[in-house]
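Structural description and commentary
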Amino acid sequence: MPQMANSVEFDVGNKQEIDSISTIARQTRKQLEILGGAVHERAAQWYKTYFLEIILRQKPLKPSKDGRHVPLRLERDAALIDERRGHPYISNTIRTSRYTLYDFLPKQLIFQFTRLANFYFLCVGIPQAIPGLSTTGSYTTILPLLFFVLLTVVKEGYDDYKRHRLDNLENANTTRILKRKSLGQDVVLPTQKWFAGLFDTTNADFETLDEDDDAHGEYGWKQVRWQNVKVGDIVKLVRDEAVPADLVLLHATGENGLAYIDTMDLDGETNLKSRESLPDFRDCRTIDGLHSCQAEFVLEDPNPDLYRFDGRVTIHSRTLPLTSNEVIYRGSTLRNTACAVGIVINTGEECKIRMNANQHPDAKKPALEAIANRIVIVLALYVIILTIGCSMGYIIWRQSTERISWYVSMATVEFKQIIIGYAIMFNNVIPLALYVTLEITRIGQMLMLNGDVEMYDEETDTPARCNTNTILENLGQVSYIFSDKTGTLTENVMKFRKMSIAGTSWLHEMDIQSEEAAALTDPRPSVAPGLSAPRKSKEVTSIIHEDIELCPLSPSSVFTSRSERRSSSQWRSTGRPDHLQPDVTTVDLLEYIKLKPASPFARRAKDYILCMALCHTCLPEVKDGRVDFQASSPDELALVRAAHELGHLVSHRSSQTVTLRIDAGDGSQKTEVYQILDVIEFSSKRKRMSIIVRYPDGRICVICKGADSMILPRLKLSQVAMQKATEVRKSAEMEQELLRRSEQLEVRNSFGGRPSLTLRRSIAGNRNSVGPGQPPAPAKRPVVVRSRSVEGAGLQRSEDRLRPSLGIRTTSLDVTKTLSKSSPLTPKPPHDKFGFLDDPSIVDESIIFSRCFKHLDDFATEGLRTLLFARKFISESEYGAWKKIYSDATTSLVNRQDMIEAAGELIEQSLDLVGATAIEDKLQAGVPETIDKLRRANIKIWMLTGDKRETAINIAHSARICRPGSDIYILDTSKGSLEVQIGDISEDIRTGCTHSVVVIDGQTLAAIEQSAQLSGLFYTLIPSVDSVICCRASPAQKSMIVKAIRQRVPSALTLAIGDGANDLAMISASHVGVGISGKEGLQAARVADYAIAKFRFLQRLLLVHGRWNYVRTAKFILATFWKEMYFYIPTAMYQRYNGYSGTSLYENWSLTVFNTLFTSLCVICMGVWEQDLSPETLLAVPELYVHGQRNRELNMSRFVRWMAAAVTEGVLVWLGVWAAYSVFGQARDDGLFALGNLVFTIGIMWINWKLFIIETYHKTAIVMSALGITIAGWWAWNAFLSGVYAAQPSPYPARDGFTDTFGKDPLWWLTLLVVVLTLISIELVYKAMKRHMVIAGVWKWPPWKRQSLDDSLEEWGLEIWQELEKDPVMRERLRRACIEEGEVEDLEKNSIDQVDPVKVL
């Protein structure tokens, strides 16, 4: 008992001691972190104070005392002075390039020598250049290093030069400014005087424009380049012209003095915005008026806030406020306005759009470089250990042998010379040409990417383009994608798609049918014989195999029918392809109106179409003989065009009247004129617009359209409507909950997603078999089925072209819609198909509300943008009383907008529901399929847009960023405590969520960023969320989000993709930037690292080229280090036999060209042409992309295994050669050159055979030719040395060695053959055993990793997939999963054929 008590006391004491040590360690670590942070902060402060401010004179600008003063005076000739700088305001030149002429070389030298290998060789090369220290020459390291660094610097310079050229193109755009005609040349800035040869300061770039309608004797409009526009200049813009700088609007020719601008490149919003000049500038429409106007603008200092502007102007002795309503920013485009005049207030890098950009970003580094740097450190330690070991060997040899050997007793070498000599000898274990050879392989990878015809867009004649080839492998490791919406996911084309009238849903697909008819009648250009047409890109590269399983399920789950009704519509929702579409279309609607024009439903339908044709602000215009419309938003344009297609054409519209040309249905037309009494504009707060019109019969009608949340409370039967809406919403929530629960029961992969394929391997019975994981069943072949929860979602394309339905609800194809209307084969629909319109419920408001709200819910889940139409008729007296209130509101000088909204609230009451609309924001082809595949690849997708929340959520549904069963959480600073909201979301996600989406707006994000606590909570929540939608985000906020994710999740690689100038900051801030070279110009494509024509090409860019380039680069790095390690092991072992004198085993010239001539092609070919899996496999099974995300190809454990193999092989080679020469025979030439050449030759043969034949999976003719060239080149080199070496005494007597002495020695050749074959045999046996064990499922590496009988696809070994690809049936299956769906002709081809995996493997 005392012993036990002592033992317990001892254990307790030990535990307390351990706890105290742990506490001390934690406290010490915390103190070190605090100290490190303080040191870093102090160093940053010193850098800013002494280097930036004192040496570079880059002091931060202080705010101006009273703002920026800009006078409006034409007679002013001198440049305005910036109060903050004491110099003229900066020029209007912009720069997106990374370097300038004076900082390029310093920045590049710092960048190059922060790469660890380059710094290592610099440290080795400097002492090597000291005479007497090196045994391998004085400049063999430093000169090649400088040459290689120079090559890389030149390449970087060329890449940046291309950016400079693109910048010059933008700076050379022209605009019109008002100048004195007698002024011979522009005012030259002081900085330009020193570069008169570089700046064109003459009036050569000025062109006087004759303006007959605005002639003036002294002043005139002149054409100038954007770069010559200065603060204070008066600029004239014409329609569809880009704005060259930030302007204050002085005059516009639009109706009521308005100018309409498109700000999509600025903030991503697609609707046109109106800008209005102050009434006091009414005389500025002419040059005389501008000349006589004297005004003084006082403006805020330049800042990045796009949504707020503060300033004032003094004119006619009055001071008036300036807001963002009078300012037009650079990046905008003038639309629907013939002419506008403004004064420049900000130029160049001080414009809002440039201050939101990530200006002059640093050069991007590949993620693999961090691992490569760690490898370099490990190898540097290895070189140090090897150097010290050999040096100590010399000391031991000197004590044991040298001092008693008279012939070397006087040749003692100092220890420092020995250790430096060995360090120089073994420094090539870290290959000198690593980065340069890597650059060569990246150039090859870039050419392969640029030449991929599968990413060529035939419509725009645009191939994929790589602008930055230094980060190609990053494409294979992306974890987060940040995508813009407009122009990137969508085409910015709105299509009216559905309507709900009196509780009935109708599909509008007239545009689809007309486009299909045009495509059928438009003959394609023929291709001349003998010429091959370019390969057409695949618009949709895949079918969505979200639900394919190769394991037995119940037969009833093969086809699941939710309804016996069969839909024959041609359009399918991209958000919910499984949804049944209405059986009736608007063509049927017009037919019914023609048949029964006086029926109650026909009257309701005509009222609906009339409301669409009246409630808008669109202006008709005739182009090429066809009527089109100018619209402030794409939604209004879609509605007016749909009204036109339904027989109500807006032929004329002014501020007082709307003229409609109405199709009577019998071929005749009638014209009706409606008087516009008032228009209450749409605003983000009101979320609705109203128009008050007088009908031709004199009745006054109020027509209102807007969001359902705004219209419902204003209906006459609002209580009933709200009740029905609540019931429908609860029903929808129950359906969503059921769907979510069904998804939770589905098979999941290792990162929580649903797998593309599930092959269950049964290892218990037969380890070489792959079969169902269920108990043995009579049918051993697995059955391929669709998941019941998705109902064949993958069978539908995202394109809205005419095609037969392939829904799995029915086994027959309805092709009646594909036949021409005039075809005799088309059966005429009977008139009783409209029998449901005679149902009494058509006039029951309660039933109408229920059905309409159900339609709204369905429309929204399909990703369509919904609106409600309502109206009411009012009397003259009621209108007169309201008009007085409204007139007082519009003329008020205080709180005008609030008073207008209050007046609108008075008239927008007791409305009658007319119907609902659904507008499709047309996605680019293949977007939903691409996003679905990227999600399967374990990539989280964020959508960052400047659009409003409802629009963003609808597009997210269409693009499948939001899935039908997604939990959508909205963070809104106006809805209470953000801390509580974030906590609630975190709790919900922890309790179980199949797919979570967080929606946040720019204002809420700004509030989060201002609080350190909220930022911590938010960015802790984000990694657990599947997708994020950020709406109303400015370009600066987009960039901030990307930077925050990079900092908070340092292990994740980010990719940003966009198409406009508002995306530049986000693209520059991410690890990988991708630009869409779309309709809105090339701003993003020229700055991004990669440019593609369509979003759908992103899946091939990442899943195929990303995977390939990651594998290629990783294999290249491993192979390069492996061959160097292997090659120098025999030299290290040879030191024992030369007294550790540092004598090299290899001849110097051969050693010099070892990496350049004889082992370069084997790693370059692997780095350029290797394809470990086919593109069909990588696209069909996106889960394989996690290979790069998890760094499986290049990590420290894999590196250690390769290095261990290199050491083992090097030792075996030395022992084999030593045994052959010392034990088994007597060589004809036992000199050092013959011995070293034999080891060298074995190394050349083994390195090339292993890398070309064994490690390269994709063996092409180029690869095999390179192998032959390398082997033949080595023997030619031996013959060359044998002839050119001088016949004189030397440690390496190469003269006639290969041709006469050891070259004719059978022992030399036999040793070469035996050793090489031994190495090959060992490697092949190991590979074969591993391959069979992996396929059988018994390979366990690492040994401590838990193995599962049903590993997910991404957990399978590479050998399994390579083996599956060899089977023709499986290869065809994978190919079908990736072909364009339009090529599939029947349902059998869409399905996955049954396959026996046992036979395959």
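Here, the structure is the one placed above.
Read on for a plain summary of the structure. (Residues numbered from 1 in each chain as written. Predicted model: local features only at pLDDT ≥ 70, side-chain atom pairs only at ≥ 80, totals over all residues. Heavy atoms only, no water.)

1. Looking at the packing of aromatic side chains
Remark: the centre distance and the inter-plane angle together describe each pair of aromatic rings, the angle taken between the planes. One pass over the structure, following the stated rule, counts 35 aromatic pairs. When the centroid spacing of 6.0 Å and the interplanar angle of 65° are considered together, the rings of Phe1158 and Trp1277 count as edge-to-face. Separated by 119 residues along the polypeptide, Phe1158 in helix H31 (residues 1154–1158) and Trp1277 in helix H37 (residues 1261–1284) bring together distant segments of the chain. Here the aromatic residues Phe1127, Tyr1128, Tyr1146, Phe1154, Phe1158, Phe1240, Trp1274, Trp1277 and Phe1280 are joined through ring pairs into a cluster of three or more. Just above the ring of Trp1122 sits the side chain of Lys1250; from NZ or CZ to the centre is 5.3 Å. Between the NZ or CZ atom of Lys1250 and the centre of the ring of Trp1202, over which it lies, the distance is 5.1 Å. (Phe/Tyr/Trp six-rings, centres within 6.5 Å; stacked < 30°, edge-to-face > 60°. Helix = DSSP H or I, 4+ residues; strand = E, 2+ residues; numbered from the N terminus. Lys NZ or Arg CZ within 6 Å of the ring centre and 35° of its normal.)

2. Re unusual backbone geometry
Despite not being glycine, Asn938 has its phi angle at roughly 65°, a positive value. Mapped onto the secondary structure, Asn938 falls in the loop between helix H21 (927–936) and strand S30 (940–944). We classify Asn938 as partly exposed; its relative accessible area is 27%. A positive phi angle, near 65°, is found at Arg960, a position not held by glycine. By the secondary structure assignment, Arg960 is in the loop between helix H22 (949–958) and strand S31 (967–971). Owing to a relative accessible area of 9%, Arg960 belongs among the buried residues under this scheme. (Buried < 20%, exposed > 50% of the residue type's maximum accessible area, 1.4 Å probe, protein only.)

3. Here's the deal with the pattern of salt bridges
This model, assessed by the stated rule, comprises 55 salt bridges. In this structure, Arg442 engages Glu473 in a salt bridge whose closest nitrogen and oxygen atoms are separated by 2.4 Å. Here Arg442 is found in helix H11 (residues 434–450), whereas its partner Glu473 is found in the loop between strand S17 (465–466) and strand S18 (478–483), with 31 residues between them in sequence. Glu473 matches Arg442 in its accessibility class, with the two residues each being buried. Between Arg688 and Glu905 there is a salt bridge; the shortest N-O distance is 2.9 Å. Taken together, the residues Arg688 in strand S26 (residues 688–694) and Glu905 in helix H20 (residues 896–907) connect sequence positions 217 residues apart. Accessibility expressed as a relative area gives 2% for Arg688, which makes it buried. By sharing partners, the salt bridges in this structure join Arg68, Asp82, Arg84 and Glu350 into a single network. (Salt bridge = Lys/Arg side-chain N within 4 Å of Asp/Glu carboxyl O.)

4. A few points about the sheet that holds S26
In space, the nine strands of this open sheet follow the order S20-S19-S29-S28-S27-S26-S25-S24-S23, with antiparallel pairing throughout. In this open sheet, the two edge strands, each paired with only one partner strand, are strand S20 (504–507) and strand S23 (648–653). Put simply, the sheet's adjacent strands are angled 30° from each other on average, direction ignored. Here seven bridges tie strand S24 (residues 657–663) to strand S25 (residues 669–680), and the two strands are oriented antiparallel to one another. (Pairing = 2+ DSSP bridges. Axes fitted to C-alpha atoms, helices over the stretch in contact; angles between N-to-C directions.)

5. Let's talk about the sheet that holds strand S11 (residues 295–299)
Taken in spatial order, the four strands line up as S1-S11-S12-S13 in an open sheet, and their pairing is antiparallel. The sheet is open, and its two borders are formed by strand S1 (68–72) and strand S13 (318–322), each paired with just one other strand. Across this sheet, the average inter-strand angle for adjacent strands is 20°, counted without regard to direction. Note that strand S12 (residues 311–315) and S13 share five bridges and pair antiparallel. The partner of Ile315 across the bridge, within S13, is Arg318.

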